[in-house]
Amino acid sequence: MENMKFEEMGLRENVLKGIKDMGFVTPSPVQSQSIPIALGGSDLIAQAQTGTGKTAAFSIPILNQIEKNGEIEALVITPTRELAMQISDEIFKLGKFVRIKTVCVYGGQSIRRQCELLENNPQVLVATPGRLLDHLKNDRIPNFSPKVVVLDESDEMLDMGFLDDVEEIFSYLPSNRQTLLFSATMPEQIQKLAHKILDNPKYVKITPANITNTDITQKCYVINEGHRDEAIVRLMDVFTPQKSIIFTSTKKEADALAERLVEAKYRAGALHGDMDQRARMDSIRAFKANKISILVATDVAARGLDISDVSHVFNYHIPLNPESYVHRIGRTGRAGKKGMAITLITPLEFKELKRIQDEVKHSLELEELPMYEASHNELVQKILKTKIADEAMDIYNELIDKHDETNSVLKLISYILKEGSKNKIGPNQQEIKRLQEQENKPKNEDRGFRNSNRRDFGSRNNSSRGFSRSGGYSSKERR
Ligand code: AMP
């Protein structure tokens, strides 16, 4: 099934024409596995991340079944407005020769306007859960009897607290429907939901190994807790990425880091769920148009972002699961370009790294954070750009009291160079090796070692106090 061509799937001519018009030549793995199942009429659970071509995987079978019987024949439920718009756009483009009408409804847009669009006899409705439920409860959707219902990014609906709405939506849907559930990960609540709303589903899983991309160089730098922002600024200085996404775990982290980067004179912006729709769209547009080169985002907010020229992806924390790791790093190295994925890791997170390595079958070497050595020219530019501090004049007067001006300046530059070279962040390679060996020791031995080497673990114990990843957080976008 892997290598099935679009032409061999038994698709209608006008659907094939649309696929060709989009420039799709070969089906992606999720497409070659899911489309035949969906065309066969079965319910489907597809575990696939953004970037795998999942939108077309459900849009193509929808388009193939459109009869134009005056009803809304297909419904796609998706968590965010951005995704709703992207999906609606992709269905519209793929359906160019089927000549279908799609309508997109989401919160924040005028209800009246949406009602007008719904009156217009669309065949496909793409909607976010809250607004859809509102329309359904108020009986505002005429001719509504979808034969196919898609639940897109189901795990994100869970994370965003939409699961109750989604369940309620299903109470308004015809029971003789086909249901296709797409999700990047399959947490227990999604499995339970699937059990309730799907009938004898077939299962497709695009495993991380399927999509781990050899065009992506993966790096892992060991730091101590509390130095993440500084480490990111250092890595920006060292790698000078063209266009990067930094994934943080919380909205607060995203804001603080974006601010820190702007302070360090980088063109950075935040993207998270607490920003209003306009601010989110502004960030996305600015990033797409290269007005900012760094997007600091939470997983949820960055879901579905379709940007093909990201050169670097940074993980501010190691992600909570392998799927999320693969999903995030898959934002770079797209369309045949090379990309780099950089993960910051503290000794406390070594265990999580091991789980990821085991799943993606790719070994990640732990490295010490590189030092930044500015070229002479850069240093000169930096000095020239520095604002003169209030106390500078006093120090200057004291210096030239004791030495002539040239001597004072030369001493000052030498001092800057010496201080700069002391600016080490995180453990060095030797310390990393020792921490790793410690991690790999069997439990009992580990305990004994810990007791007799208390000092060595001072930093681990300290960081465990401030580090609550394994403590309270469960959802991906933590507040
Ligand atoms: P998605 O995972 O649906 O967000 O898709 C990611 C990107 O891949 C979108 O820009 C799609 O237009 C594109 N795409 C989807 N299927 C194919 C295909 N078979 N060949 C080439 N590009 C595709």
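Residues numbered from 1 in each chain as written. Predicted model: local features only at pLDDT ≥ 70, side-chain atom pairs only at ≥ 80, totals over all residues. Heavy atoms only, no water.

### Side note on the nonpolar core
- Core analysis: the largest hydrophobic core is formed by 38 residues, its most contacted members being Ile60, Ile62 and Phe182.
- With 6 residues, helix H3 (residues 54-65) is the single largest residue contributor to this core.
- Setting aside residues up to four positions removed in sequence, Ile62 forms contacts with Ala74, Val76, Val124, Val148 and Val150.
- Counting 30 residues, the second largest nonpolar core, distinct from the first, contains Val103, Val166, Phe170 and Leu193. (Core = buried A, V, L, I, M, F, W, Y, C linked by side-chain atoms within 4.5 Å. Buried < 20%, exposed > 50% of the residue type's maximum accessible area, 1.4 Å probe, protein only. Helix = DSSP H or I, 4+ residues; strand = E, 2+ residues; numbered from the N terminus. Contact = heavy atoms within 4.5 Å.)

### A short note on the environment of Leu399
- Summarising the element assignment, Leu399 is placed in helix H18 (residues 392-402).
- Between the C-alpha atom of Leu399 and that of Val409, which follows or precedes it by 10 residues, the distance is 9.1 Å.

### Topic: unusual backbone geometry
- One non-glycine residue, Asn143, lies in the positive phi region at around 50°.
- Residue placement: Asn143 occurs in the loop between helix H6 (129-137) and strand E5 (144-151).
- Of note, the phi angle at Asn290 is positive, near 60°, even though the residue is not glycine.
- Positionally, Asn290 belongs in the loop between helix H13 (277-288) and strand E11 (294-298).
- Taking relative accessible area as the criterion, Asn290 reaches 43% and is therefore assigned partly exposed.

### What about the packing of aromatic side chains?
- Scanning all chains against the criterion turns up 2 aromatic pairs.
- On the basis of an interplanar angle of 65° and a centroid distance of 5.2 Å, the ring pair of Phe58 and Phe182 is categorised as edge-to-face. One end of the pair, Phe58, is in helix H3; the other, Phe182, is in strand E6 (residues 178-183), with 124 residues separating them in the sequence. Here Phe58 and Phe182 have matching classes, each one buried.
- Taking 6.5 Å as the distance between ring centres and 35° as the angle between the ring planes, the aromatic pair formed by Tyr221 and Phe239 counts as tilted. With Tyr221 in strand E8 (residues 216-222) and Phe239 in helix H11 (residues 228-239), the pair connects residues that are 18 residues apart, well separated along the chain.
- A residue is classified by how much of its surface remains accessible, and Tyr221, at 3% relative accessible area, is buried.
- The cationic tip of Lys243 hangs over the ring face of Phe287; the distance from NZ or CZ to the ring centre is 5.1 Å. (Phe/Tyr/Trp six-rings, centres within 6.5 Å; stacked < 30°, edge-to-face > 60°. Lys NZ or Arg CZ within 6 Å of the ring centre and 35° of its normal.)

### Regarding the site of the ligand
- Around the ligand lies a shell of 14 residues, among which Thr26, Gln31, Gly51, Gly53 and Thr55 are the nearest.
- Here a nitrogen atom of the ligand sits 2.7 Å away from a polar atom, N or O, in the side chain of Gln31.
- Gly53 has a polar backbone atom sitting 2.7 Å from an oxygen atom of the ligand.
- Calculation on the ligand without its partners gives an accessible area of 500 Å², and the protein chains cover 75% of this total.
- Looking at the shell around the ligand, its residues break down into 3 nonpolar, 8 polar and 3 charged. (Near = heavy atom within 4 Å. Polar contact = N/O pair within 3.5 Å; in protein donor to acceptor, adjacent residues only side chain to side chain. Areas by Shrake-Rupley, 256 points an atom, 1.4 Å probe, with all protein chains shown as cover. Nonpolar A, V, L, I, M, F, W, Y, C, P; charged D, E, K, R; others polar.)

### Let's talk about the pairing of strand E13 (residues 339-345)
- Here E13 lies mainly inside the structure; 7 of its 7 residues are buried.
- Inspection of the sheet shows E8 paired to E13 by 7 bridges, in the parallel sense. In the strand pairing of E13, Thr217 is matched with Met340.
- Of the pairings in the sheet, the one linking strand E12 (residues 312-315) to E13 comprises 4 bridges and is parallel in character. Note on E13: the bridge partner recorded for His312 is Met340. (Pairing = 2+ DSSP bridges.)

### A closer look at the confidence of the model for the protein
- Chain-level statistics for the protein give a pLDDT mean of 85 and a share of 89% at 70 or above.
- Taken as a whole, residues 445-479 scores under 50 in pLDDT and shows 56 contacts with residues more than four places along the chain or in a different chain. (pLDDT = per-residue confidence, 0-100.)

### Remarks on a nonpolar patch on the surface
- On the surface, Ile383, Val409, Leu410, Leu412, Ile413, Tyr415, Ile416 and Leu417 cluster together to form a nonpolar patch covering roughly 720 Å² of accessible area.
- Considering every element that reaches the nonpolar patch, the biggest residue donor is helix H19 (residues 405-421), with 7 residues.
- Its location among the elements puts Leu412 in helix H19.
- We classify Leu412 as partly exposed; its relative accessible area is 46%. (Patch = residues over 30% accessible without salt bridge, like charges linked within 9 Å, V, L, I, M, F, W, Y side chains within 5 Å. Salt bridge = Lys/Arg side-chain N within 4 Å of Asp/Glu carboxyl O.)

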